[in-house]
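Spelled out from the first residue to the last, the chains are:
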Amino acid sequence: MYEMKPEYYTGIAAIDQEHTRLFELAQETHSLLTNDTLLDKADSLVHLISELINYTRTHFSHEEEYQRSIGYTGIEEHAAMHRKFEDKLSEFDFDSLGEDFNSQNETVEELLGFLTTWLITHILQADMLYVKEGKAGKTI
Ligand SMILES: [Fe+2]
Ligand SMILES: [Fe+2]
């Protein structure tokens, strides 16, 4: 359900591999949401979000490094989008999560919606721009 589709591929192997992992994390978030046997999801959610924070940080630094290497003209704007995503992820408030099954599920659902919407939109509308510029640069 949450996996790489042909249109998400940039053609840069390392970047595609990292995007694939991010979709896997979205899939894990979905699995957590639909898990009806786990009555307290707090620990899993905290674990998942810290994995997301760490992994996106690594991915973003790789992307920004690549953008610097090709002299990408939109690097500042792009990096600002990455920082905004990181801020939003760290805004998920786990201290007030509570033990209520339904309210925990609401938080997982919110995370899943935010993550997948951002990931797809960002890859298609923002990542593809530096990919295009990188490829154009190579042919000159
Ligand atoms: Fe990306
Ligand atoms: Fe990006």
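Residues numbered from 1 in each chain as written. Chains lettered and ligands numbered in written order. Predicted model: local features only at pLDDT ≥ 70, side-chain atom pairs only at ≥ 80, totals over all residues. Heavy atoms only, no water.

Generally speaking, soluble globular proteins have nonpolar side chains that are buried together. Ranked by internal contacts, the top residues of the largest apolar core, which has 27 residues, are Phe23, Leu45, Leu52, Phe85, Leu89, Leu111 and Phe114. At the level of elements, α1 (13-34), α2 (42-69), α3 (75-90) and α4 (101-139) are the ones that each hand at least two residues to this core. Among the elements that line this core, the one with the most residues is α4, at eight residues. Counting six residues, the second-largest nonpolar core is a separate cluster that includes Ile12, Ile15, Ile75 and Tyr130. (Core = buried A, V, L, I, M, F, W, Y, C linked by side-chain atoms within 4.5 Å. Buried < 20%, exposed > 50% of the residue type's maximum accessible area, 1.4 Å probe, protein only. Helix = DSSP H or I, 4+ residues; strand = E, 2+ residues; numbered from the N terminus.)

Metal coordination angles have textbook ideals: 109.5 degrees for a tetrahedral set of four donors and 90 or 180 degrees for an octahedral set of six. Looking at the iron ion (ligand 2), one finds its protein donor set to be Glu63 (OE), His78 (NE2), His82 (NE2), His122 (NE2) and Asp127 (OD), positioned 2.1 to 2.3 Å from the metal centre. Binding-site remark: the iron ion (ligand 2) is held by donors from one chain whose sequence spacing is E-x14-H-x3-H-x39-H-x4-D. (Donors = N, O, S within 2.8 Å, 3.2 Å for Na, K, Ca; no water.)

The next subject is a negative patch on the surface. A cluster of like negative charges, contributed by Asp100, Glu106, Glu109 and Glu110, occupies part of the molecular surface. Locating glutamate 106 in the fold gives a position in helix α4. (Patch = residues over 30% accessible without salt bridge, like charges linked within 9 Å, V, L, I, M, F, W, Y side chains within 5 Å. Areas by Shrake-Rupley, 256 points an atom, 1.4 Å probe, with all protein chains shown as cover. Salt bridge = Lys/Arg side-chain N within 4 Å of Asp/Glu carboxyl O. Lys, Arg positive; Asp, Glu negative; His and termini not counted. Charge placed at Lys NZ, Arg CZ, Asp CG, Glu CD.)

It is worth spelling out the coordination of the iron ion (ligand 1) at this point. Here the iron ion (ligand 1) is held by the protein donor atoms His19 (NE2), His59 (NE2), Glu63 (OE) and Asp127 (OD), which lie 2.0 to 2.3 Å from it. Geometry at the iron ion (ligand 1) is irregular, judged from the four donor atoms that bind it and their angles of 84 to 166° at the metal. Between the donor residues of the iron ion (ligand 1), the gaps in sequence give the motif H-x39-H-x3-E-x63-D. Here the iron ion (ligand 2) and the iron ion (ligand 1) are spaced 3.6 Å from one another, each receiving a donor from glutamate 63. Note that histidine 19 is positioned in helix α1 and histidine 59 in helix α2, a separation of 40 residues in sequence. Histidine 19 gets classed as buried once you look at its relative accessible area, which sits at 1%. (Tetrahedral: all angles 85-135°; square planar, octahedral: opposite > 155°, others 65-115°.)

For an α-helix, 3.6 residues make a turn, and residues three or four places apart therefore share a direction. With 16 residues, α3 extends 23 Å between its outermost C-alpha atoms, agreeing within 8% with the 22 Å of an ideal straight helix rising 1.5 Å per residue. Listing the buried residues of α3 in full gives Ile75, His78, Ala79, His82, Phe85, Glu86 and Leu89. For α3, the arc enclosing every buried residue in end-on projection is 115°, short of the 170-degree limit, so these residues lie on one face. Opposite the buried face of α3, at more than 90 degrees from it, the exposed residues are Glu76, Glu77 and Lys84. (Expected span 1.5 Å × (residues − 1). Arc of directions from axis to C-beta.)

What follows is about the packing of aromatic side chains. The way to describe two aromatic rings as a pair is by their centre distance and the angle between their planes. The full count for this structure, using the stated rule, is eight aromatic pairs. Through a chain of ring-to-ring contacts, three or more aromatic side chains come together here, namely Phe60, Phe85, Phe92, Phe114 and Trp118. (Phe/Tyr/Trp six-rings, centres within 6.5 Å; stacked < 30°, edge-to-face > 60°.)

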